[in-house]
Amino acid sequence: MKENIKNFTLDELKEVFISLGEKPFRAEQVFKWIHVENVDCFDEMTNLSLELREKLKERYLLKRFKIIKKLESKDGTKKYLFDLLDGNAIETVLMEYKFGYSICVSSQIGCKMGCKFCASTGIPFIRSLEAGEIVEQILAVQKEEGIKISNIVFMGIGEPLDNYDNVIKAIRIINHPKGLNIGARHISVSTSGLVPNIYRLAEEKIQCTLSVSLHSSNNEKRSEMMPVNKGYPIEVLIKACKDYIKATNRRISFEYALAKDNNDNLEDAKELVKLLKGMLCHVNLIPINPIEKGKYTKSTNDNIIKFRDYLNDNGIVATIRRELGSDIDAACGQLRRQNLEEK
Ligand code: SAH
């Protein structure tokens, strides 16, 4: 199988060109064709000789996803079902904010984490995405819409820290000034709490934002919602978060999906304040999106506001996340890998 040329960082691409007996500056040209000019094929790289283009074609793929389906929400949010060209499909969501376009990318085909409230649970895990397949979600959407994306969130299907190497590589590619040039501070990685890889991330010297899906400050409840808590319980997770903050000086964002009569009462808010007091953090409250056959339902607006106010009144910065794309199943936790056969 030929390797996808979008998998390479610029440094790796330079090595590739040296091994082909070419000058390293060719790598910069090609990197620019891929990530800035966003070309569909090697033949569009007109400042390369025909011979070099042929050499590249023989050895590498320039993987361009096909759009199987595109849905547009009333609020402007768009959801794409992409054909990965190997019989698999993934979903990507584009959102428009005042500050620009933000994209929610998938990191795996399926997910192993088994969170009870998430639509990705219950569908088989197939494989992790390659770095180039993560990057291509951005490139394909930019191409389709004729826009420049300014923010990336790793909050689509999959657990990014379970596909650690490819996610880090994708971030380095996306972040590179000679490529897409999206600042690390505009990139968020969300994790269900894979503690060892939170420690690894702390050492990467990447200024991206870490989001931690907490959802409860009580071990019994969290284990019920998120099986990962049995391996890395709250105290271990919070210790890792504190160490992460110490190592990076970066604020952590905690995700908290509010489910009625489960984790949304005042006692829960009190426990949460105790847990996070004094930490450099922010809490993102998400009205939970009920999934088919799921046992969790949305908190009332009244409870959501009370919960937020209690946190804010007690020194924890909390905001309620605006729900976008719910009418096209593109809101938080609603993405579901679809089979090509389902078309
Ligand atoms: N695996 C990673 C990233 C993917 S999920 C993680 O767990 O963080 C992105 C975010 O959506 C997570 O915070 C996740 O807990 C949340 N989420 C999943 N299902 C949801 C639902 N039904 N309603 C609201 N948020 C949900």
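All of these numbers come straight from a predicted model, not from anything done at the bench. Residue indices begin from 1 for each chain and proceed along its sequence in written order. The predicted origin of the model limits local features to residues at a pLDDT of at least 70 and limits the giving and counting of side-chain atom pairs to 80 or more, whereas totals for whole chains, interfaces and linings rest on all residues. Side-chain numbers come from the whole structure's heavy atoms, not from hydrogens or water.

Draft legend 1. Main features of the layout of surface pockets. Put simply, the second largest pocket is a space of about 460 Å³. With a 1 Å grid laid over protein atoms only, a set of points is called a cavity when a 1.4 Å probe fits there but cannot get out and a pocket when it is open yet has protein on both sides within 12 Å along at least five of seven lines; lining residues have an atom within 4 Å of a point. Lining of the second largest pocket is provided by 21 residues; of these, C118, A119, I291, E292 and R336 occupy positions nearest its centre. Each residue receives one of three labels: charged for Asp, Glu, Lys and Arg, nonpolar for Ala, Val, Leu, Ile, Met, Phe, Trp, Tyr, Cys and Pro, and polar for the others, Gly being one of them. Class assignment of the residues belonging to the lining of the second largest pocket gives a composition of 8 nonpolar, 4 polar and 9 charged. Grid points are joined across faces, edges and corners, and a volume is the space filled by probe spheres set on the points.

Draft legend 2. Quick peek at the pairing of strand 5 (residues 89–97). The element strand 5 is extensively covered by neighbouring structure, given that 7 of its 9 residues are classed as buried. The pairing criterion is simple: DSSP has to find at least two bridges between the two strands. Note on conventions: DSSP H or I runs of at least 4 residues are helices, E runs of at least 2 residues are strands, and numbering of each starts at the N terminus. Pairing between strand 4 (residues 78–83) and strand 5: 6 bridges, direction antiparallel. By the bridge assignment for strand 5, D83 is matched with A89. Hairpin connection between strand 4 and strand 5: a loop of 5 residues separates the two successive antiparallel strands, and L85 in this loop has a positive phi of roughly 70 degrees. Looking at chain direction, strand 5 and strand 6 (residues 100–104) are connected through 5 bridges and run antiparallel. From the neighbouring strand, V93 faces strand 6, where its bridge partner is C104. Counted between consecutive antiparallel strands, the loop separating strand 5 from strand 6 contains 2 residues. Categorising residues by exposure relies on relative accessible area from a 1.4 Å probe, with only protein chains included: less than 20% of the type maximum marks a residue as buried, more than 50% marks it as exposed, and the intermediate range marks it as partly exposed.

Draft legend 3. Representation of the site of the ligand within the structure. What surrounds the ligand is a group of 20 residues, the closest being F117, S190, S213, H215 and N289. Taking S190, its side chain carries an N or O atom lying 2.6 Å from an oxygen atom of the ligand. As used in this structure description, the phrase polar contact means that two N or O atoms lie within 3.5 Å; if the pair is within protein, one of them must be able to donate a hydrogen and the other to accept it, and residues adjacent in sequence are counted only when both atoms belong to side chains. At 3.4 Å, a backbone N or O of T191 approaches an oxygen atom of the ligand. The protein chains shown are the only cover counted for residues, whose accessible areas, like all others here, come from Shrake-Rupley with a 1.4 Å probe. Relative to its unbound accessible area of 530 Å², the ligand is 96% covered by the protein chains. Put simply, the parts of the chain that give the shell around the ligand at least two residues each are strand 10 (187–191) and strand 12 (252–258). Only heavy atoms are used to decide nearness, and a residue is near a molecule or strand if one of them lies within 4 Å of it.

Draft legend 4. A look at the environment of A257. Position of A257 relative to the elements: it lies in strand 12. Each C-alpha atom, one on A257 and one on F31, is 39 Å from the other, the two residues being 226 residues apart in sequence. Excluding residues that lie within four positions of it along the chain, A257 makes contacts with H215, M225, N263, I286 and I288. Should any heavy atoms of two residues lie within 4.5 Å, those residues are counted as being in contact.

Draft legend 5. Highlighting the nonpolar core. For the purposes of this section, nonpolar cores are sets of buried Ala, Val, Leu, Ile, Met, Phe, Trp, Tyr and Cys residues that join through side-chain atoms within 4.5 Å. Of all hydrophobic cores here, the largest spans 102 residues; its most connected members are I5, L56, I152, F254 and L276. Structurally, this core is a two-domain feature, drawing no fewer than three residues from each of domain 1 (3–61) and domain 2 (66–342). Setting aside residues up to four positions removed in sequence, L56 forms contacts with I5, F17, L20, V30, F42 and L48. Of all hydrophobic cores here, the second largest spans 9 residues; its members include V93, M95, V153 and A330. For every domain, the bounds stem from an assignment made automatically or drawn from a database.

Draft legend 6. How the structure looks around unusual backbone geometry. A positive phi angle, near 60 degrees, is found at K205, a position not held by glycine. Mapped onto the fold, K205 is located in the loop between helix 6 (195–202) and strand 11 (209–213). K205 sits in the exposed class, given a relative accessible area of 64%. Within the chain, K293 stands out as a residue other than glycine whose phi angle is a positive 60 degrees. Tracing the sequence through the fold places K293 in the loop between strand 13 (281–287) and helix 11 (301–313).

Draft legend 7. Representation of the domain arrangement of the chain within the structure. With domains assigned, the chain is organised as domain 1 (3–61) and domain 2 (66–342). A C-alpha centroid distance of 33 Å is found between domain 1 and domain 2. Each side of the interface is counted separately: domain 1 has 16 residues, and domain 2 has 16 residues. Two parts placed together each lose some accessible area under a 1.4 Å probe, and adding up what both lose gives the buried area. Roughly 1300 Å² is buried in total at the junction of domain 1 and domain 2, and carbon and sulfur atoms are behind 54% of that figure. Considering only the surface of domain 1 that becomes buried against domain 2, N7, H35 and N38 emerge as the three largest contributors, covering 40% of it.

Draft legend 8. Just the sheet that holds strand 13, in detail. One open sheet accounts for 10 strands, arranged 3-4-5-6-9-10-11-12-13-14; its pairing is mixed. Edge positions in the sheet fall to strand 3 (66–72) and strand 14 (318–320), since each of these pairs with one other strand and no more. Here the strands of the sheet are splayed against their neighbours by 25 degrees on average, with no regard to which way each runs. Looking at chain direction, strand 10 and strand 11 are connected through 4 bridges and run parallel. From the neighbouring strand, S188 faces strand 11, where its bridge partner is T209. In this description, a line fitted to the C-alpha atoms serves as the axis of each element, helices being fitted only across the stretch in contact, and the angle between N-to-C directions of two axes falls anywhere from 0 to 180 degrees.

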